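# Coordinate inspection notes
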Amino acid sequence: MYCSKCGAEINDEAVVCVKCGCAVKGFVLSEKNTAKWVVCLVLCLIVGSLGIHRFYVGKVGSGIIQLLTLGGLGIWCLIDLIMIALGEFTDKDDRAIKPNF
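The sections below set out a description of the structure shown in this document. Computed from a predicted structure; not experimentally measured. (Residues numbered from 1 in each chain as written. Predicted model: local features only at pLDDT ≥ 70, side-chain atom pairs only at ≥ 80, totals over all residues. Heavy atoms only, no water.)

## Remarks on the pattern of salt bridges
Following the criterion strictly, the structure yields four salt bridges and no others. We note a salt bridge from Arg54 to Asp80, for which the minimum N-O separation is 2.9 Å. One end of the pair, Arg54, is in helix α2 (residues 52–56); the other, Asp80, is in helix α5 (residues 75–86), and 26 residues separate them in sequence. Residue class for Arg54 comes out buried when judged on its relative accessible area of 8%. (Salt bridge = Lys/Arg side-chain N within 4 Å of Asp/Glu carboxyl O. Helix = DSSP H or I, 4+ residues; strand = E, 2+ residues; numbered from the N terminus. Buried < 20%, exposed > 50% of the residue type's maximum accessible area, 1.4 Å probe, protein only.)

## Notes on the nonpolar core
If you look at the biggest cluster of nonpolar residues, it comprises nine residues: Trp37, Cys40, Leu41, Cys44, Val57, Cys77, Ile84, Phe89 and Ile97. Those elements giving two or more residues to this core turn out to be α1 (26–47) and α5. Every residue in contact with Ile97, bar those within four places of it in the chain, is listed here: Asn33, Lys36, Trp37, Val57, Gly87, Phe89, Thr90 and Asp91. Among the nonpolar cores identified, the runner-up in size contains five residues, and Ala8, Ile10, Cys17 and Cys22 belong to it. (Core = buried A, V, L, I, M, F, W, Y, C linked by side-chain atoms within 4.5 Å. Contact = heavy atoms within 4.5 Å.)

In structure tokens, the structure reads:
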């Protein structure tokens, strides 16, 4: 994510820009993050054993492995479902995909 005032790269969880001190408009990121969490959760519920939720967040390698093993015979898929529901699942850049409510 980038600061809207100075353009510096900032952490997704930041409240203020460390370079210029400008307050970050977090509500836009939060809405996108919550929407991404909902989509990821639904994908895992419906087609979790195919690893589609992992493709959605950019984890292509583990998505292919999960596809070939049918979600680790359901165990890996169940673990992913729990992690997504708790907000502990991450995308390919290690950013947490979690709800904002």
